[in-house]
Amino acid sequence: MYAIRSSSLLAGLFWALFALQAAALAVENADSKTGVLLSLRQNPSTVSCAEYSMVANYSTIGTNSTYRAAFQQASPLGTFESNAIMDGATKKLPQFMFNKAINDACGNLSTLAVTEAANNFTKGIVANFNINAGIRNSGELGMVISVVLATVGVLSFL
């Protein structure tokens, strides 16, 4: 019986919190002159320049096979998650590129992303990953192959 009362008390508190949050959201999105609620799609501040920049950068990486391969190799997320990020950004990019209001406010960030991706790649950076930090062949592999070939060659004469 006590469990039923506590769960109904929690449910009542949950619904009261939900109603309070909905009222706060309605007041926040209300136009001060008319009192009409603005939908999120009508509110121009929902899309930021930072989001446009991120979409442009990941789209640039996703459409260039060299950048894409380097990103997939350096990313700790794995191939499928990395592909999902880049493919999602590539699908979103046209809505930013052809939106005059966003381009007026932020500038043409897609062109900037292409230029800066090339600059960063020459420095060994793709997105926020350093691609020069991997294992480098400093001659040991050549030595191992040479020893294996010499051993196989010697054994073939026996």
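Residues numbered from 1 in each chain as written. Predicted model: local features only at pLDDT ≥ 70, side-chain atom pairs only at ≥ 80, totals over all residues. Heavy atoms only, no water.

Novice: Help me understand the overall build of the protein, please; the structure alone is not making it clear to me.
Specialist: Along the backbone of the protein there are seven helices and two strands. Along the protein, helices and strands appear, N-terminal first, in the series α-α-α-α-α-α-β-β-α. By residue count, 19% of the 158 residues in the protein fall in the buried class. Summarising the internal contacts of the protein: among those between residues at least 6 apart in sequence, 61% fall at separations of at least 24. A total of about 11,800 Å² of accessible surface is found on the protein, and carbon and sulfur atoms cover 66% of it. (Helix = DSSP H or I, 4+ residues; strand = E, 2+ residues; numbered from the N terminus. Buried < 20%, exposed > 50% of the residue type's maximum accessible area, 1.4 Å probe, protein only. Contact = heavy atoms within 4.5 Å. Areas by Shrake-Rupley, 256 points an atom, 1.4 Å probe, with all protein chains shown as cover.)

Novice: Even after reading the chapter, I still don't get the packing of aromatic side chains, so can you show me in this structure?
Specialist: Here the distance between the centres and the angle between the planes together describe a pair of aromatic rings. Tallied over the entire structure, the rule returns four aromatic pairs. Summarising the aromatic geometry, the rings of Y58 and F71 are spaced 5.9 Å apart at their centres and angled 70° between planes, so their arrangement reads as edge-to-face. Of this pair, Y58 sits in helix α2 (residues 49-63) while F71 is found in helix α3 (residues 65-74), placing the two residues 13 residues apart along the sequence. With a centroid separation of 5.6 Å and an interplanar angle of 55°, the aromatic rings of F71 and F129 are classed as tilted. Highlighted residues: F71 in helix α3 and F129 in strand β2 (residues 129-130), separated in sequence by 58 residues. For F129, a relative accessible area of 19% gives the class buried. (Phe/Tyr/Trp six-rings, centres within 6.5 Å; stacked < 30°, edge-to-face > 60°.)

Novice: So what exactly am I meant to see when it comes to the layout of surface pockets here?
Specialist: Where empty space is left in the structure can be found by rolling a water-sized probe over the atoms. What the largest pocket holds in volume is close to 260 Å³. For the largest pocket, the lining is made up of 17 residues, of which N57, I61, A113, N120 and A127 are closest to its centre. Listing elements by their share of the lining of the largest pocket, those giving two or more residues are α2, α6 (109-122) and β1 (125-126). Among the elements that take part in the lining of the largest pocket, α6 stands out by supplying seven residues, more than any other. (1 Å grid on protein atoms, 1.4 Å probe; cavity = no way out; pocket = protein on both sides within 12 Å on 5 of 7 lines; lining within 4 Å. Points joined across faces, edges and corners; volume = space filled by probe spheres on them.)

Novice: For this particular structure, what's the right way to read unusual backbone geometry?
Specialist: A negative phi holds for most residues other than glycine; trans holds for most peptide bonds. Phi is positive for A127, which is not a glycine, with a value near 55°. Tracing the backbone through its elements, the reader meets A127 in the loop between β1 and β2.

Novice: What am I meant to see in the environment of Y52 here?
Specialist: Considering the arrangement of structural elements, one finds Y52 in helix α2. Since its relative accessible area comes to 0%, Y52 is described here as buried. With 44 residues separating them along the chain, Y52 and F96 place their C-alpha atoms 6.5 Å apart. When residues no more than four places from it in sequence are discounted, the contact partners of Y52 are L93, F96, M97, I102, N103, C106, G107, N108, L109 and S110.

Novice: Explain the state of the cysteines to me, please; I cannot follow it from the model alone.
Specialist: Any covalent bond linking the sulfur atoms of two cysteines counts as a disulfide. This model, assessed by the stated rule, comprises one disulfide. Between the sulfur atoms of C49 and its disulfide mate C106 the distance is 1.9 Å. The disulfide joining C49 to C106 has a torsion of about -85° about its S-S bond and is therefore left-handed. A residue pair is termed long-range when its members are at least 10 positions apart, and C49 in helix α2 and C106 in helix α5 (residues 100-106) qualify at 57 residues. A residue is classified by how much of its surface remains accessible, and C106, at 18% relative accessible area, is buried. (Disulfide = S-S within 2.5 Å.)

Bear in mind that shape data such as this cannot, by itself, settle questions of function.
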